[in-house]
Amino acid sequence: MRKTTAPVAVIAAMGLALAAGCGGDSGGGSGGSGGSTDSDGNTTLTWAMWSGGTAERDAWQAAADAVHEADPSLTVELETSSFDEYFTKMATRIGGGSAPCIVSVQSLRLGALQAGLLPLDDLIESSGEDMSDFTDASLAGLQGDDGSQYALPYDDGPMVMLYNKERFAEAGVPEPQIGWGVEEFESAAQALSADGAYGVSAFPSDLVMFSSVLARTGVQPVAEDGTLQLTDPALVDGVSWYGDLVHEQQVAPQVAGVDSTAPYNAFIAQTTAMVPDGPWDLLNIQSQSDFEVGVVTLPAGEAGPRTLSAGSGFGVSASCPEPEAAFEAIRTLTSTEVLTQLASDGRALPSRTSAQQAWFDNAPAGAQEALAAATESAEPMRVTDDWAQVGTAVIQFVGPVLNGSSEAPDALEQIQAQYGGR
Amino acid sequence: MSVSSTARPPAPSASTSASTPAPRPSRGRRDDLVPALGFTAPSMLGLALFTAVPIGMSLVMSFYSWPIIGERSVRGVGNYVDLLTSPQFRRVVLNTVLFTVLYLPLNLLVSLGIALWVASVRRGRQALRVIFFIPVVTPIVANVLVWRMIYTPGGALDGLAQSAGVDAPNFLGDPRWAMASLVLMSVWQGFGYNMLVFSAALDGIPASINEAASLDGVSAWSRLRHITLPMISPSMFFASTMTLITTFQVFAQPYLLTGGGPGVATETLVLFVYRQGFASFALGSAAAAAWVLFALILLVTAVQFAGQKKWVNYDV
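The model shown is predicted, which means the values in this text are computed figures rather than measured ones. (Residues numbered from 1 in each chain as written. Chains lettered and ligands numbered in written order. Predicted model: local features only at pLDDT ≥ 70, side-chain atom pairs only at ≥ 80, totals over all residues.)

1. Here we look at the overall build of chain B
Helix and strand content of chain B: 15 helices and two strands. In terms of overall dimensions, chain B is more spread out than a globule: its C-alpha atoms have a radius of gyration of 26 Å, far above the 20 Å expected for 316 residues. Referenced to the eigenvectors of the C-alpha coordinate spread, the extents of chain B come out at roughly 85 × 75 × 30 Å. Taking all 316 residues of chain B together, 29% fall into the buried category. Counting contacts in chain B only where the partners sit at least 6 residues apart, residues at least 24 apart contribute 66% of the total. (Helix = DSSP H or I, 4+ residues; strand = E, 2+ residues; numbered from the N terminus. Rg over C-alpha atoms; globule rule 2.2 N^0.38 Å. Buried ≥ 20, exposed ≤ 12 C-beta atoms within 10 Å, placed from the backbone. Contact = placed C-beta atoms within 7 Å.)

Pasting the structure below:
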């Protein structure tokens, strides 16, 4: 009797313990995660970042090493994943209480992560960090809806139009000038569309489509008070026009599937001659292209030149047990030295004016002027907290609008009905 | 105490039954129980940890509003009511059923057809089976990348159509074609498995039966209809049941090829569950949708089992 009871009881007890452990409260990260200090006072911090390949990862690893060089008692362990995956993973990790200490965040996706991040205002004040070197737009993009700074920016930039100089020359189309308008753009795109090639890449992803829509109509998908306004008549008009480029004017190739790198791949493969893009991709695209890349502002509509800007930076997770050390690491990661190094490695346009020259030295001729002009008319892209889902729905439902199989008002109304009520 | 009493042999008559003679029937069984439990403990624990607990948890979660960050609260059947009254969810279920209705017969026809053809080939039979099996063992992500290049405008199919002087449709971007394109790609990816199952069954049919029938002047078609198909019907039942279950769970193809679009044309149940859970972080709603899927699969499988008596022939 006793012999049989014991193992059964042990198994039952273990099962109960497991069930209790899984069912127990794990939200909030009460124990802290992502950083630790050993008995000698050496602190190790984890840093999660997105990366598109080995070259990019190496550049971030060099930045992590720079933190250790600046303060040998700090060690930063880099973890990378792809951009799309990164935000899904990070929200899950914050929810599960296992967030890294240093959290990378993009301005469009701050809302989804804000609850898991530490407001940095006090740390900034006590550190005496000179914030005036950061561009205003880069700081503004990483402020939460409560006005607190949640991350120090490393890059920021406005959407501009990249174009293939050789295709323009072959088609006998004069190269676009800063401040050009929608009509010039449409006639250039038409002249460039022939023999299976197209004038421009169109894709319903947030920055690509809505920057062109904003430039034409002056309206963003999210109002200044933070509500989704996809059914705003001017916005609907803008999206209809954007769709016409594909199925009416046929100056952009049809959208197939959900691969958001498709517009850039088409540009690099010379299937299209123009693509709207931010400075974060510019040097990468230039290095992959066999042709000379030109940079110009987005074609302006009646509302005058407008464009969207976005940027990224590094924040500290609310569950980090070593917030001061993490903040010190972030300061080094966004220092002029590190940003200059990242810029000369061909990464994004630095958020610090003191580090931007290294980036412009690498950039194609004319990029500096075009970006300066675009920055003047740039506004940070406003988003909702559930932007990740809205963005996915926009790709899903506006794709058919571009292809001509559904109408812009219907598609936008459908998304608005699903997400606008929150 | 109750635990140990249930572990005992139920009745003395059972343990002393003469049909299975054992050296020490009644004492031996009880003594074996401890080591037996010890031996099964690892797999019992594994089963509890990785199967029973998650299943139980998901059932509990489906009755909660369970965000990934923030407060949880009991919702009762609210998640189920929301799902069953949501037009989007109904469309998702419809898409899943549509995918299954298109995919299952096509998969069985193609795999059976190719299995029959391969069985009739005299030389290189094994090589052919290996070739047709390759898509099954290739990672689906790699397959999808290739098929994206085939389907995309300006891709392989479009190029082929252009050279014939017609314009191919936008297979993944056109709502009328997207589901059919997914089904076609999935059949290519999946038929090899069932083909192998059918091939094994065909090889198991004694050659003498077919020989006797052809000596009696039975036509090839009648031999297929009255000998071959009944003889492999258990395999067909196995293949159709297993394929049906995995078909209801289709995820990778729509996730990677169309993202559920255009619109909701290819959004399937598991893709919906994934999005609810890991894009919207509504774990309660995701769990509820997963249980709806479970109920659907259970129902259809039960119908299949009930129907098998009519056509599956085990008397060989």
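2. A closer look at the pairing of strand 5 (residues 152-158) of chain A
Residue and element names in this part refer to chain A. When you tally the buried positions in strand 5, you get seven out of seven residues, the bulk of the element. Across six bridges, strand 5 lies against strand 9 (residues 307-316) in antiparallel orientation. Residue pairing across strands places Leu152 opposite Phe314, the latter belonging to strand 9. (Pairing = 2+ DSSP bridges.)

3. So, the domain arrangement of chain A
All names here are of chain A. Each assigned domain of chain A is listed here: domain 1 (36-157 + 310-362) and domain 2 (158-309 + 376-419). For domain 1 and domain 2, the distance between their C-alpha centroids amounts to 29 Å. Listed by partner, the interface residues are 19 residues for domain 1 and 20 residues for domain 2. Looking at the side of domain 1 that touches domain 2, the elements that each hand over two or more residues are helix 4 (110-113), helix 6 (136-141), strand 5 and strand 9. (Domains from an automatic or database assignment.)

4. Details of the sheet that holds strand 8 (residues 293-296) of chain A
All names here are of chain A. Here we have three strands laid out as an open sheet, ordered 7-6-8, and antiparallel in their pairing. Two strands close off the open sheet at either side, each with one partner strand: strand 7 (274-277) and strand 8. The average undirected angle you get between the axes of adjacent strands in this sheet is 30°. When strand 6 (residues 160-164) meets strand 8, the two strands line up antiparallel, connected through four bridges. (Axes fitted to C-alpha atoms, helices over the stretch in contact; angles between N-to-C directions.)

5. Focus on the packing of helix 9 (residues 206-217) of chain A against helix 10 (residues 233-247) of chain A
All names here are of chain A. Contact geometry of helix 9 with helix 10 gives a least axis separation of 9 Å together with a crossing angle of 115°. Handedness of the crossing formed by helix 9 with helix 10: right-handed. Mapping the contact onto sequence places Met209, Ser212, Val213, Arg216 and Thr217 in helix 9 and Ala234, Leu235, Asp237, Gly238, Val239, Trp241 and Tyr242 in helix 10. Split by residue class, the contact of helix 9 with helix 10 holds seven nonpolar, three polar and two charged. (Left-handed = near helix turned anticlockwise from the far one by under 90°. Nonpolar A, V, L, I, M, F, W, Y, C, P; charged D, E, K, R; others polar.)

6. Digging into the domain arrangement of chain B
Structurally, chain B comprises domain 1 (2-61) and domain 2 (78-311). In this structure, domain 1 of chain B and domain 2 of chain B have C-alpha centres spaced 40 Å apart.

7. Concerning the environment of Ala115(B)
Residue and element names in this part refer to chain B. Looking at the element boundaries, Ala115 is found in helix 5 (residues 87-120). Assessed through the 25 C-beta atoms surrounding it within 10 Å, Ala115 is described here as buried. A C-alpha to C-alpha distance of 14 Å links Ala115 and Met231, two positions 116 residues apart in sequence. The contacts of Ala115, once residues within four sequence positions are left out, are Met195, Phe198, Ser199 and Leu202.

8. Here's the deal with the environment of Tyr103(B)
Relative to the elements of secondary structure, Tyr103(B) occurs in helix 5. Placed 39 residues apart in sequence, Tyr103(B) and Tyr64(B) show a C-alpha to C-alpha distance of 35 Å.

9. Points about the confidence of the model for chain A
Of all residues in chain A, 92% have pLDDT values of 70 or greater, and the mean over the chain is 87. This model gives residues 14-30 of chain A a pLDDT under 50, and the stretch forms 19 contacts once residues within four places in sequence are excluded. (pLDDT = per-residue confidence, 0-100.)

10. Comments concerning the packing of helix 4 (residues 78-85) of chain B against helix 15 (residues 283-311) of chain B
Residue and element names in this part refer to chain B. Contact geometry for helix 4 and helix 15: axes closest at 9 Å, N-to-C directions at 65°. Classified by the angle between their axes, helix 4 and helix 15 sit roughly perpendicular to one another. In the packing of helix 4 onto helix 15, the handedness of the crossing is right-handed. Within the contact between the two elements, helix 4 uses Asn79, Tyr80, Asp82 and Leu83 and helix 15 uses Gly284, Ser285, Ala288, Ala289 and Val292. Here the residues of the contact of helix 4 with helix 15 sort into five nonpolar, three polar and one charged. (Parallel < 35°, antiparallel > 145°, perpendicular 65-115°, else oblique.)

11. Some points on helix 3 (residues 83-95) of chain A
Residues and elements named next belong to chain A. Across its 13 residues, helix 3 extends 19 Å between first and last C-alpha, which sits within 8% of the 18 Å expected from 1.5 Å per residue. Those residues of helix 3 that sit buried are Tyr86, Phe87, Met90, Ala91, Arg93, Ile94 and Gly95. Among the structural elements, strand 2 (43-50), strand 3 (74-81), strand 4 (102-106), helix 4 and helix 17 (387-403) are those in contact with the buried residues of helix 3. With its phi angle positive at about 75°, Gly97 sits one or two positions after the end of helix 3. (Expected span 1.5 Å × (residues − 1).)

12. Notes on the confidence of the model for chain B
All names here are of chain B. Taken residue by residue, chain B gives an average pLDDT of 87. The fraction at 70 or more is 91%. Per-residue pLDDT, averaged within each element of chain B, yields its smallest value for helix 1 (residues 2-7) (40) and its largest for helix 5 (94). A low-confidence stretch, residues 1-18 (pLDDT under 50), is modelled with 16 contacts involving residues beyond four sequence positions or located in other chains. At the level of chain-chain contacts, confidence expressed as ipTM amounts to 0.71, with global pTM at 0.78.

13. Side note on unusual backbone geometry
With the exception of glycine, the majority of residues adopt a negative phi angle, and the majority of peptide bonds are in the trans configuration. Backbone torsion omega between Gly261(B) and Pro262(B) reads -10°, so that peptide bond is classified as cis. Locating Pro262(B) in the fold gives a position in the loop between helix 13 (252-258) and helix 14 (269-278). Phi is positive for Asp195(A), which is not a glycine, with a value near 55°. The residue Asp195(A) is located in the loop between helix 8 (182-192) and helix 9 in this model. A residue is classified by how many C-beta atoms lie within 10 Å of it, and Asp195(A), with 4 of them, is exposed. The phi angle at Gln270(A) is positive, at roughly 65°, despite the residue not being glycine.

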